[in-house]
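# Structure assessment
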Amino acid sequence: MRPSAVLLFLGALLPASQILAFKANDFKTCAQSGFCRRGRALSARALAAGSSWRSPYSIDPSSILLAPDQASFTASVKSALYPEVNFGLDVRLHDDGVVRVRIDETGGLRKRYDEAANWALVAPPRISHDIVWKVGKGAVHAVYGEKKSIEVVIEFDPLRVTLLRDGVEQVVLNDRGLLHMEHFRTKDDTKPVTIEDGEGEAQTTLQLNNRAWFEGEEQDAWWEETWSSWTDSKPKGPESLSLDVTFPNHRHVYGIPQHATNLSLPTTTGPDAAYTDPYRLYNSDVFEYLVSSPVSLYGSVPLMHAHNAKSTVAIFNAVGSDTWIDVGRTETGTETHWISESGILDVFLLPGPTPTDVFAQYTRLTGAAPLPAHWALGYHQCRWNYVSSDDVRSVQKRLDDENMPVDAFWLDIEYSEGHKYFIWDKKNFPDPVEMIKDVEALERRMVIIVDPHFKRDSSYSVYKAASELDTLVKPKSGSGEYEGWCWPGSSSWIDFFNPKSWDMWVSFFKTKSVEGQWSWIESTENVGIWNDMNEPSVFNGPEISMPRDNVHYGGWEHRDVHNINGMLFANQTYNALMHRSDPPKRPFVLTRSFYAGSQRFGAMWTGDNVGTWEHMAIGIKMVLANGLGGFGFGGSDVGGFFGNPDPEMLVRWYGVGAFSPFFRAHAHIDSKRREPYLLDEPYKSMLRDMLRLRYTMLPVWYTAFKEMSATGIPILRPQYVVFPGDSEGFAIDDQFYVGSSGLLVKPVTTRGATSASVYLSDPQIYYNYFTSHAYPAPGKKAASGRTVTVPAALPQIPLLIQGGSIVPTRERPRRSSALMRNDPFTLRVALSSDGSATGEVYLDDGEGYGYTSGEFVWRQFGAETKKGSWGKGEELKIWSKDQAMQGGSNDVVYKPANAFAESVLGVRVERVIVLGVGVRPTVVSVNGASTVKWEWQGGIGYGATTESKAGVLVIRDPAVGIASDWQIVVVF
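The structure presented is a predicted model; accordingly, all values stated were derived computationally and were not measured. (Residues numbered from 1 in each chain as written. Predicted model: local features only at pLDDT ≥ 70, side-chain atom pairs only at ≥ 80, totals over all residues. Heavy atoms only, no water.)

## Focus: the overall build of the protein chain
Scanning the protein chain for helices and strands turns up 16 helices and 54 strands. Whereas a compact globule of 972 residues would reach a radius of gyration of roughly 30 Å, the protein chain reaches 30 Å, a difference of no more than 12%. Over its C-alpha atoms, taken along the principal directions, the protein chain stretches across nearly 115 × 70 × 55 Å. The proportion of buried residues among the 972 residues of the protein chain is 63%. Surface exposure of the protein chain reaches about 35100 Å², of which carbon and sulfur atoms provide 50%. Where the 95 positive side-chain charges of the protein chain centre and where its 114 negative ones centre are 6 Å apart. (Helix = DSSP H or I, 4+ residues; strand = E, 2+ residues; numbered from the N terminus. Rg over C-alpha atoms; globule rule 2.2 N^0.38 Å. Buried < 20%, exposed > 50% of the residue type's maximum accessible area, 1.4 Å probe, protein only. Areas by Shrake-Rupley, 256 points an atom, 1.4 Å probe, with all protein chains shown as cover. Lys, Arg positive; Asp, Glu negative; His and termini not counted. Charge placed at Lys NZ, Arg CZ, Asp CG, Glu CD.)

Put into structure tokens, the structure is as follows:
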């Protein structure tokens, strides 16, 4: 189908926002959302009442029940507004110091949705058995931690929860009295009290609402809500949850992705608010989104970090429904207000006290990102759409002819017959398996899209199987199949909350039919999967999504699970790929929609961006924010999905992509073809160099992914994460460090740039990666960081190496990453201000799970300069040790002579480049015996005080293995 025909067809089906640019009218504002209006009105009443405002919620002290092992306690909570309604409080402390606070309605008319945490958490948290709760007259509290520096206090009346460290408040729940759980009720329960006043003809009837001071006079959208042309039936009535979370001493808050905004979240309340609406978490298919907005995008992670120079804390609010979050500043801290449509209160307080601690605590809750297949870190070539098998082969050949490396080719929806996913359009793709194998012959991969909506066609095997198994989402009646419109036209959606769908989904991805079931036999075990449109996107639905009163497995309404829905799609796709082969291979799944815990199932991207400089810049901030939310494997579409970027912009965007965890070029069906080989010179060579730079640094990226999979620390690290004590860096979001490599990147995102200002927090020397220009450490009297000017004329990328780092690279250009497996390494040793350096590299087979049983190589590199002055017998020692043997791999049984290590014994280090060598050496020896060839380029040493080109020592072919212990000694 030609693009013009596609658009003519869609024009009859899609809302304008799917044809044109972003339209605010396609999505609700808070003022158009009944429960958000109610929540904000509650906050306004509290603000107007000032000090006289008092929360109606309190704990009944007589109900407090301590667990026999002291690990938790429960209590009854009452609201003065509704004394007859019962709420239950459950507070427990995890063994890593995290505090979990749950409040649920008990004995009510219905059960509130309480399963969000079950989907988000990787396992039931381990509860501490070392806690001693103390019950006083007005509160329950516990003191804990290695130094007994952490205290949690739960006050009775009004209910208030406080986390303190060293006596200083870190997080407070219900500090402003905005806690409100709208209980289930009937319409009869909501009639106001009437009284008669006067006698005879003068008698009047008065209606009293003694709860109006808190809830307001009106029953605003309690039982039905109409917006645009849609009506939400709200059969359960009002059930929203309001909670204020205060960080009294932290003025910077981060997280709650996904939003196109600054990393340090701008305010939404107060006289200087940056936005008039709260931040929204409601997974949405937003077309050409704005570059500075609190509007919800494709994913929702209800995790917020708060930071100051002394501590970092976070809260994780396990709720899966539509949620709005106001952010306001005080003189010393930050006030936030969370308003959710449904669910229970299930909040985790993460005590930190450092960013690294918070990442570890959140990772223990929701799980770590798995170590991806190595090829997934390479370059991905995509567009909507490569139109035929021959088109795919042609793109691969052109990239090879131009010596441009690539690891994956992607197919968007047009590969499928009538947008029936899994079913090939044989007119244009007559030989799909052969095409895939042609790509795999060069050790590359195909990634193919599978969306969650299925064409309602009884001849379509996938839809038929799901329908017969009764695993499709139901309309509000609770029976039958919900019908909406998406790419195929009339469509239904698989309900992945239904366990019956899981084995069915596994069977679909088998490459051989099992017991007569339909399977995707026209595929291979190596194909990656792209899960798009899983918010879910419904072209004729409210806010381009599914009606909230649709019904999922268990009788839950879609409103309860909306933000979790997309995660389950990617989860089950990942599971299906795991079961596709024996032994299993590491799956690759890309998802657009996500929730807390989605990091366990693959990668994400920032959706339908635009080829503008502003979108290029905001994409960096969004990827950083997603990393803080636990989802570090992410990136933005290089070049922008929409539009036709000019050559300068495209070169700069490839510079951004080369330093993104996920590096994919993608383009809309109506954009001009812009594969990198199509550019004229000199731009084509610039893109080739950037692609090669990415492949050169794959050892850095893979090692960073290994670290993230073990610790949860994101791959791209903002300034405040690396230097949490430097307040000047708290709001910086246009530069970042790559893992623990010491590489500091500031991508260029403005037209015509010739230089870039890079902020350096630490009193350390830095080196330009490409030119070896040195930026010496400031004097001892320097009290704060400094800004340096780095050349950035096209195509230069401002890339610095922090002194004290050793960066492993592979410098030989290849066509794909797998072809580099036996290539030698180069080590760049960037000497610190005291002449030392450290680094590491992690290697495994990049495909299977042998690494979980010790099949890997993990090396630690070090460098140390013997004290003295240059030229007077000083020695520089550079060495390699087995990192796993140093206690870094306690979770597996590791043997240095494992099968993988044996397979790379012939892989050597071919060069060692030492930056910051200020004088010419006299001799360079290896392992105390042999001498090697070397050359020295004169320049300043690591201890210099003025900016200039650094002295560089290049040691050529020291004849040492990457998997071996060795030592190089440089004598001066």
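## Describing the nonpolar core
Membership of the largest hydrophobic core comes to 219 residues, with the highest contact counts inside it found for Phe-316, Phe-422, Trp-505 and Phe-659. In this view, Trp-505 contacts Phe-422, Val-450, Phe-454, Ile-494, Phe-496, Phe-569, Gln-572, Thr-573 and Ala-576; residues no more than four positions away in its chain are not counted. Residues Tyr-82, Ile-103, Ile-256 and Leu-345 belong to the second largest nonpolar core, which totals 57 residues. (Core = buried A, V, L, I, M, F, W, Y, C linked by side-chain atoms within 4.5 Å. Contact = heavy atoms within 4.5 Å.)

## Thoughts on the pattern of salt bridges
Side-chain pairs of opposite charge can arise whenever the charged atoms involved come near each other. Across all of its chains, the model carries 62 salt bridges by this definition. One salt bridge in this structure joins Lys-474 and Asp-470, with 2.7 Å as the shortest N-O distance. Where salt bridges share partners, they join Asp-232, Lys-236, Glu-239, Arg-280, Asp-322, Glu-341, Glu-543, Arg-548, Glu-557, Arg-559 and Asp-560 into one cluster. (Salt bridge = Lys/Arg side-chain N within 4 Å of Asp/Glu carboxyl O.)

## Things to note about the sheet that holds strand β30 (residues 528–531)
The strand order across the open sheet formed by 8 strands is β33-β32-β31-β30-β26-β25-β24-β34, and the pairing between neighbours is parallel. Either end of the sheet is taken by a strand with one partner, and the two such strands are β33 (634–635) and β34 (663–665). Bridge count for strand β26 (residues 445–449) against β30 is 3 bridges, and the pairing is parallel. Across the sheet, the residue bridging to Ile-449 is Trp-530, located in β30. This element, helix α6 (residues 389–401), spans β24 (379–381), β25 (408–411) and β26 of the sheet and lies at about 155° to β25. (Pairing = 2+ DSSP bridges. Axes fitted to C-alpha atoms, helices over the stretch in contact; angles between N-to-C directions.)

## Details of helix α5 (residues 355–366)
The end-to-end C-alpha distance of α5, which contains 12 residues, comes to 16 Å, matching closely the 16 Å that a straight helix rising 1.5 Å per residue would cover. Here α5 lies mainly inside the structure; 9 of its 12 residues are buried. The complete set of buried residues in α5 reads Pro-355, Val-358, Phe-359, Ala-360, Gln-361, Tyr-362, Thr-363, Leu-365 and Thr-366. Gly-367 sits one or two positions beyond α5 and adopts a positive phi of about 95°. (Expected span 1.5 Å × (residues − 1).)

## Thoughts on helix α10 (residues 558–578)
The terminal C-alpha atoms of α10, which comprises 21 residues, lie 28 Å apart, in line with the 30 Å expected from a rise of 1.5 Å per residue. Approximately 50° is the largest bend angle found in α10, and it occurs at Ile-564. Within α10, 19 of the 21 residues are buried, which leaves it mostly tucked inside the rest of the structure. (Bend = angle between axes of the 7 residues up to and from the residue.)

## Some remarks on the pairing of β25
Consecutive side chains of a regular strand alternate in pointing toward one face of the sheet and then the other. A two-sided burial pattern is seen for β25, the buried positions comprising Ala-408 and Trp-410 on one face and Phe-409 and Leu-411 on the other. Bridging between β24 and β25 involves 2 bridges; their strand directions are parallel. In the strand pairing of β25, His-380 is matched with Ala-408. In this fold, the crossover linking β24 to β25 by way of α6 has right-handed handedness. One ladder, built from 4 bridges, connects β25 with β26; its direction is parallel. Note that in β26 the partner of Leu-411 across the bridge is Ile-448. The handedness of the β25 to β26 crossover, carried by helix α7 (residues 432–440), is right-handed. (Right-handed = clockwise from strand over helix to strand, strands pointing away.)

## Digging into unusual backbone geometry
Comment: phi is negative for the bulk of residues other than glycine, and the bulk of peptide bonds are trans. With an omega of 0°, the peptide bond running from Asp-157 to Pro-158 counts as cis. Here Pro-158 lies in the loop between β8 (150–155) and β9 (160–165). Along the chain, Glu-681 connects to Pro-682 via a cis peptide bond; the corresponding omega equals 10°. Checked against the element boundaries, Pro-682 lands in the loop between β34 and α13 (683–696). In this structure, Asn-174 is a non-glycine residue whose phi angle is positive, near 65°. Looking at the element boundaries, Asn-174 is found in the loop between β10 (168–173) and β11 (180–181). Within the chain, Asp-957 stands out as a residue other than glycine whose phi angle is a positive 40°. Along the chain, Asp-957 turns up in strand β53 (residues 952–961).

## Re the packing of aromatic side chains
Under the defined criterion, the tally for this structure stands at 59 aromatic pairs. Their ring planes at 75° and their centres at 6.2 Å tell us that Tyr-289 and Tyr-298 sit as a pair that is edge-to-face. An identical accessibility class is assigned to Tyr-289 and Tyr-298; each is buried. With a centroid separation of 5.5 Å and an interplanar angle of 25°, the aromatic rings of Phe-316 and Phe-348 are classed as stacked. Within this pair, whereas Phe-316 is found in strand β20 (residues 312–317), its partner Phe-348 is found in strand β23 (residues 345–350), the two being separated by 32 residues in sequence. Accessibility expressed as a relative area gives 0% for Phe-316, which makes it buried. Since its relative accessible area comes to 0%, Phe-348 is described here as buried. (Phe/Tyr/Trp six-rings, centres within 6.5 Å; stacked < 30°, edge-to-face > 60°.)

## What about the state of the cysteines?
Inspection of the entire model under this criterion finds 1 disulfide. Here Cys-30 engages in a disulfide with Cys-36; their sulfurs sit 2.0 Å apart. Here the disulfide of Cys-30 and Cys-36 is left-handed, its torsion about the S-S bond being about -100°. Free of any disulfide, Cys-382 has its nearest cysteine sulfur in Cys-486, 17 Å distant. Taking relative accessible area as the criterion, Cys-382 reaches 2% and is therefore assigned buried. The class of Cys-486 is buried, set by a relative accessible area of 0%. (Disulfide = S-S within 2.5 Å.)

## Here we look at the packing of α6 against α7
The geometry of α6 relative to α7 is characterised by a closest axis approach of 10 Å and an angle of 10° between their N-to-C directions. Overall, the two elements α6 and α7 adopt an arrangement that is roughly parallel. Here Ser-389, Val-392, Arg-393 and Gln-396 of α6 lie close against α7, whose contacting residues are Glu-434, Met-435, Asp-438 and Val-439. Of the residues in the contact of α6 with α7, the class split is 3 nonpolar, 2 polar and 3 charged. (Parallel < 35°, antiparallel > 145°, perpendicular 65-115°, else oblique. Nonpolar A, V, L, I, M, F, W, Y, C, P; charged D, E, K, R; others polar.)

## Let's talk about the side chain of Asp-244
With respect to the element layout, Asp-244 can be found in strand β16 (residues 241–247). Buried charge Asp-244 goes without a salt bridge, the closest partner of opposite sign being Arg-176 at 4.4 Å. In terms of polar contacts, Asp-244 uses its side chain to reach the backbone amide nitrogen of Leu-178, at 2.8 Å. In contact with Asp-244, not counting residues within four places along its chain, are Val-172, Leu-173, Asn-174, Asp-175, Arg-176, Gly-177, Leu-178, Leu-179, Thr-336 and His-337. (Polar contact = N/O pair within 3.5 Å; in protein donor to acceptor, adjacent residues only side chain to side chain.)

## What about the sheet that holds strand β36 (residues 736–738)?
Read from one edge to the other, the open sheet built from 7 strands follows the order β35-β36-β37-β42-β39-β40-β52, with strand pairing classed as antiparallel. The sheet terminates laterally at β35 (716–717) and β52 (948–949), the two strands that pair on one side only. The sheet contact formed by strand β40 (residues 773–775) and β52 spans 2 bridges and is antiparallel. Bridged to His-773 within β52 is Lys-949.

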